[in-house]
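Architecture at a glance
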Amino acid sequence: MSSKEAYNIAVQHDLDLLCVAPNANPPVCKIINYGKYRFEQQKKARESKKKQHVVELKEVQLTPQIGDHDLETKSKAARKFLLDGNKVKVGVRFRGRQMTHIEVGEEVINKFIASLEDISSVEKKPSMDGKWLTGIISPKSKK
């Protein structure tokens, strides 16, 4: 039917004429209550927003001469972050003369990553960034 006829029917029933596919030949329209339609769309958007989980980047800072117990404590915190579904940025800070022995920091960061190997995967391998040796680990995907 023509658009004028459809509009007249919509007015008679106190409803609105909504064009669903304007580029189709002929254009496709619906006769609906537009206020109710918009409310339903907003409700669906709110529901889908509730179910989303935003992945954050949490940071754990270490030093080259960190003790074993301190490393375990930091790995427990990182484990909690990973189980919550967040990524973890691991950083080893070097000060002064520590810069001459970067391999010590690499051992520390590799030991840390190995302790979380069961629930995480390496997203970015450890690399130097100024005075920091940083790497990013993310939770393993659930399949």
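Above this text sits the structure in question.
Described in the following lines is the structure provided in the data block. (Residues numbered from 1 in each chain as written. Predicted model: local features only at pLDDT ≥ 70, side-chain atom pairs only at ≥ 80, totals over all residues. Heavy atoms only, no water.)

1. As for the sheet that holds strand E5 (residues 120-129)
Spatially, E3-E4-E6-E5 is the arrangement adopted by the four strands of the open sheet, whose pairing is mixed. This sheet does not close on itself; its edge strands, each paired only once, are strand E3 (57-62) and E5. Strand after strand, the sheet turns through a mean of 20 degrees between neighbouring axes, direction not considered. Here seven bridges tie E5 to strand E6 (residues 132-139), and the two strands are oriented antiparallel to one another. Within E6, the residue paired with Ser120 across the bridge is Pro139. (Pairing = 2+ DSSP bridges. Helix = DSSP H or I, 4+ residues; strand = E, 2+ residues; numbered from the N terminus. Axes fitted to C-alpha atoms, helices over the stretch in contact; angles between N-to-C directions.)

2. Looking at the pattern of salt bridges
Any two side chains of opposite charge can pair, given that their charged atoms come close. Enumeration according to the criterion identifies five salt bridges in this entry. With its nearest N and O atoms 3.8 Å apart, the salt bridge here joins Lys50 to Glu47. Placement of both Lys50 and Glu47 in helix H2 (residues 34-50) is noted, with a separation of three residues, approximately one turn of the helix. We classify Lys50 as exposed; its relative accessible area is 65%. With a shortest N-O distance of 3.6 Å, Glu56 and Lys58 are connected by a salt bridge. (Salt bridge = Lys/Arg side-chain N within 4 Å of Asp/Glu carboxyl O. Buried < 20%, exposed > 50% of the residue type's maximum accessible area, 1.4 Å probe, protein only.)

Shape is all these values report; function is a separate question.
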